[in-house]
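# Report on the structure
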Amino acid sequence: MALTSEISPYNPQWPLLFTAENRRIEEGFGTELIGTHHIGSTAVPGLSAKPEIDILVVVSEHINEVARSEFMRTLGYVRGTDLSAGHHFYRRDVDGVRTHKIHVCVAGHGQIARMLRFRDLLREDSTIRKQYQDLKLRLEADNRGGIAEYLAHKAPYIDALMNMHLGD
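Residues numbered from 1 in each chain as written. Predicted model: local features only at pLDDT ≥ 70, side-chain atom pairs only at ≥ 80, totals over all residues. Heavy atoms only, no water.

### Re the sheet that holds strand S4 (residues 87-94)
Taken together, the 5 strands give an open sheet; going across it, the order is S1-S2-S5-S4-S3, and neighbouring strands pair in mixed fashion. Each of the sheet's edge strands pairs with one partner strand only, and the pair in question is strand S1 (33-39) and strand S3 (77-79). When strand polarity is set aside, the average angle formed by the axes of neighbouring strands in this sheet is 25°. In this fold helix H3 (residues 110-124) packs onto S1, strand S2 (53-59), S4 and strand S5 (97-106), with an angle of close to 35° to the strand it touches most, S1. (Pairing = 2+ DSSP bridges. Helix = DSSP H or I, 4+ residues; strand = E, 2+ residues; numbered from the N terminus. Axes fitted to C-alpha atoms, helices over the stretch in contact; angles between N-to-C directions. Contact = heavy atoms within 4.5 Å.)

Okay, structure coming up:
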């Protein structure tokens, strides 16, 4: 079973793709929208990544979920399983290839700070960035169980890194 897409070298178009997609989705969140952020590996210059644009949407609360899901569907998104209470997930595939992932979190959710801090650590520290890239490439090469296996094997590295850098 393959990953949702193959890891490729950093593409300087990724921030532009984030900006374009961000414009498309923002109106679907109305007055509950607090802010959006480009997260994930495509948000880190120089880091190889699955070319899937990750967007973090911070909302004041989850209201009008049916209307939001319908709006997102018009843009080609499917709502996935909630990743935790207050953390909704949408994905967009084009011709069977994942292109975008959207994390919608209520303000104050613990994953907001975690996702932003992890992105910032990768941006700031070339050693961490290289270690993480090497890990991802190794996991891709050894992968037999698809995206769930890939994510499960990345998690211990990310958890250890985040525990080391709490409060930095």
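### Some remarks on the environment of Arg114
The residue Arg114 is located in helix H3 in this model. The class for Arg114 is partly exposed, based on a relative accessible area of 26%. Residues Arg114 and Leu137, 23 residues apart in the sequence, show an inter-C-alpha distance of 23 Å. Setting aside residues up to four positions removed in sequence, Arg114 forms contacts with Ile158, Asp159 and Met162. (Buried < 20%, exposed > 50% of the residue type's maximum accessible area, 1.4 Å probe, protein only.)

### A look at unusual backbone geometry
Phi is positive for Asn64, which is not a glycine, with a value near 50°. Within the secondary structure, Asn64 is located in the loop between S2 and helix H2 (65-74). The backbone of Asp95 shows a phi angle near 50°, a positive value even though the residue is not glycine. Position of Asp95 relative to the elements: it lies in the loop between S4 and S5.

### Observations concerning the packing of H3 against helix H5 (residues 146-164)
With their axes 11 Å apart at the nearest point, H3 and H5 run at an angle of 90° to one another. Relative to H5, the element H3 lies roughly perpendicular. Here H3 contributes Arg114, Arg117, Phe118 and Leu121 to the contact with H5, which in turn contributes Ile158, Asp159, Leu161 and Met162. The residue makeup of the contact of H3 with H5, split by class, is 5 nonpolar, no polar and 3 charged. (Parallel < 35°, antiparallel > 145°, perpendicular 65-115°, else oblique. Nonpolar A, V, L, I, M, F, W, Y, C, P; charged D, E, K, R; others polar.)

Spatial relationships are all this shows, so hold off on functional conclusions.
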